[in-house]
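These are the residues of each chain, in order.
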Amino acid sequence: MTSYETILVGTHGRVGRITLNRPEALNALNSQVMRDVVAAAEAFDADEGIGAIVVTGSEKAFAAGADIKEMEQKSGREMIMDDHFGAWARFAAVRTPVIAAVSGYALGGGCELAMMCDIIVAGDTARFGQPEINLGVIPGMGGTQRLIRAVGAYVAADMVLTGRMLSADEAQRAGLVSRVVPAADLEAEAAKVAETIAAKSLPSVYAAKAALDAALETTLAEGLRFERHAFAALFDTADQKEGMAAFREKRQPDFTNR
Ligand code: CO8
C-alpha cells in the first residue's frame, strides 16, 4: 500500500481507513494533507474490494481547520490562481460512501471536511465550528453552503457569524451528526457503520449516494427524475435479482457487486 506523508492508511475487510496524522498542528489541513487524502480516497474508490471509507483524526482533533500558517501570507490573486484547496472537490466526488469519525475539534476546514463525508459519527468530545470569522475571513471549503443544508439557515448563521462551536450533542440535535458515542467507542462505532454499508451491493450503494447528493444540488423534479432512472437501472444488476430472491426465500442475500 502506498505510504503518505501526512496520513495513515489501512484496510479492514472491505473498509478503507484514512487517519489524518499531523499531531503537531492538530491535523491542520495544508496542501500536502489535501493531496494525500484525495489520492488515498481515489485509490480506495477505484478498488472494487472497498465498499466504504472511514476518515478520522486523533482523540484531540479531527482537524483544526485549514493550515493558517500556510495561508496567512497569500494574496487573493494567489488563492485564486493556485486554486488553493480546490482538489478537495475530488474528495467530495468519490462514489464510495465516506464516514467521518470525529473526536475533538472539527473546525473550519475540519468541519467542512466532515461535511464532505456522507455520514458523521461523533465521539462525545467532538466540537464543530466555523471560526473563520475570528480570522477575518469566511469558510472557503463549503462551510456556508453545506452547513446550511445540514443544519438549516439559523444554526448555520449562528455558527458562521459568531464562530461558536457546537458540542457533539448540539450537532446531533441540529442534524449534522447522526450518532454520538463515548469517545472511547468512536472507532468501533464508525467501523460498524462502514462495515454495514460495505456488506451491501456496491452498484446500489453508488446509486444511493449519487441520488442523495443530487438532492442537495438540484430541484425536486430533477432529483426525482434522477432517482427514478437510477432505481430502474439497478434492475439490470445480478444483485437486485439476488436481493429480491433472498427476501422471498427468507435468507440473507449473497451480493457479488454484479
Ligand atoms: N493551522 C495551523 N496550525 C494550527 C491550526 C491551524 N488551523 N490549529 C492549530 N494549529 C497548531 C497551533 O498553532 C499549535 O502549534 P504550535 O505548538 O507550533 O504553536 C498546535 O497546532 C496546537 O494548537 P494550540 O496550542 O492552539 O492548541 P489548543 O489546545 O490551545 O487550542 C484550538 C486548540 C482551539 C483548536 C486552536 O488551536 C485553534 O483555535 N486553532 C485554529 C482553529 C481555526 O481557526 N480554524 C479555522 C482555520 S481557517 C479555515 O479552516 C478556512 C478553510 C477554508 C479554506 C479554503 C481555501 C480556499
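Just above sits the structure.
Here the structure is a predicted model, which means the values were calculated and not measured.

**Q** Can you break down the overall build of the protein residue by residue, with the values?
**A** A count of helices and strands for the protein gives 12 helices and 10 strands. In terms of principal-axis extent, the alpha carbons of the protein reach across some 60 × 40 × 40 Å. A fraction of 67% describes how many contacts in the protein between residues 6 or more apart in sequence connect residues 24 or more apart. Total accessible area computed for the protein in this model is approximately 13400 Å², and 56% of it derives from carbon and sulfur atoms. The averaged location of the 34 negative side-chain charges in the protein is 4 Å from the averaged location of its 26 positive side-chain charges.

**Q** Tell me what's going on with the site of the ligand, and back it up with residues and numbers.
**A** Taken together, 25 residues lie near the ligand, and Lys60, Ala66, Ile68, Lys69 and Gly109 sit nearest. Within the side chain of Lys60, one N or O atom sits 2.6 Å away from an oxygen atom of the ligand. Between the ligand and Lys69 there is a distance of 2.8 Å, counted from an oxygen atom to a side-chain nitrogen or oxygen. Protein chains shield 66% of the accessible area of the ligand, which is 1100 Å² for the free molecule.

**Q** Lay out the state of the cysteines in plain terms, naming residues and giving numbers.
**A** Applying the stated criterion across every chain yields a total of zero disulfides. Cys111 provides the cysteine sulfur closest to Cys117, a residue in no disulfide bond, and the two sulfurs are 11 Å apart.

**Q** How would you summarise the sheet that holds strand S1 (residues 7-12) if you had to cite specific residues and measurements?
**A** Taken in spatial order, the six strands make up an open sheet running S1-S2-S3-S5-S7-S10, and their pairing is mixed. Each edge of the open sheet is held by one strand with a lone partner, namely S1 and strand S10 (179-181). Across this sheet, the average inter-strand angle for adjacent strands is 20°, counted without regard to direction. Relative to strand S5 (residues 98-102), strand S3 (residues 52-56) is paired through four bridges, and the arrangement is parallel. Residue Val54 lies in a different strand from S5, and its bridge partner there is Ile99.

**Q** Hey, could you go over helix H7 (residues 153-162) for me, with residue numbers and the actual values?
**A** Those residues of H7 not exposed but buried are Ala156, Met159 and Val160. Within H7, the buried residues cover an arc of 90° as seen down the axis, which keeps them to one side. Exposed residues on H7 whose side chains face more than 90 degrees from its buried face are Tyr154 and Leu161. In this structure, the buried side of H7 is in contact with strand S8 (127-129), helix H6 (146-151) and strand S9 (166-167). Once H7 finishes, Gly163 follows within two positions and takes phi at roughly 80°, a positive value.

The rules behind the values
Residue positions within a chain follow its written sequence, with the count starting from 1. Selection of residues for local features in this predicted model requires a pLDDT of at least 70, selection of side-chain atom pairs for listing and counting requires 80 or more, and totals for whole chains, interfaces and linings are taken over all residues. Water and hydrogen atoms were dropped before computing side-chain values, which therefore reflect all heavy atoms in the structure. A run of H or I in DSSP counts as a helix once it spans at least four residues, and a run of E counts as a strand once it spans at least two, with each numbered from the N terminus. Any two residues whose heavy atoms approach within 4.5 Å are treated as being in contact. Only the protein chains shown count as cover for residues, with accessible areas throughout obtained via the Shrake-Rupley method and a probe of 1.4 Å. His is not counted, nor are the chain ends; Lys and Arg add positive charge and Asp and Glu add negative charge. Here the site of a charge means atom NZ of a Lys, CZ of an Arg, CG of an Asp or CD of a Glu. Residues are classed as near a molecule or strand on a simple rule: at least one heavy atom within 4 Å of it. Here a polar contact is recorded for every N or O atom pair within 3.5 Å, except that within protein the pair must consist of a potential hydrogen donor and a potential acceptor, and residues adjacent in sequence are included only if both atoms are side-chain atoms. Disulfide assignment relies on a single distance test, namely cysteine sulfur atoms paired within 2.5 Å. The pairing criterion is simple: DSSP has to find at least two bridges between the two strands. Axes here mean lines fitted to C-alpha atoms, for a helix over just the part in contact, with angles spanning 0 to 180 degrees between N-to-C directions. The cut-offs for exposure are 20% and 50% of the maximum accessible area for each residue type, with area from a 1.4 Å probe on protein chains only; residues under the lower value are buried, those over the upper are exposed, and the others partly exposed. Of all possible arcs, the one meant is that of the directions from the helix axis to the C-beta atoms.

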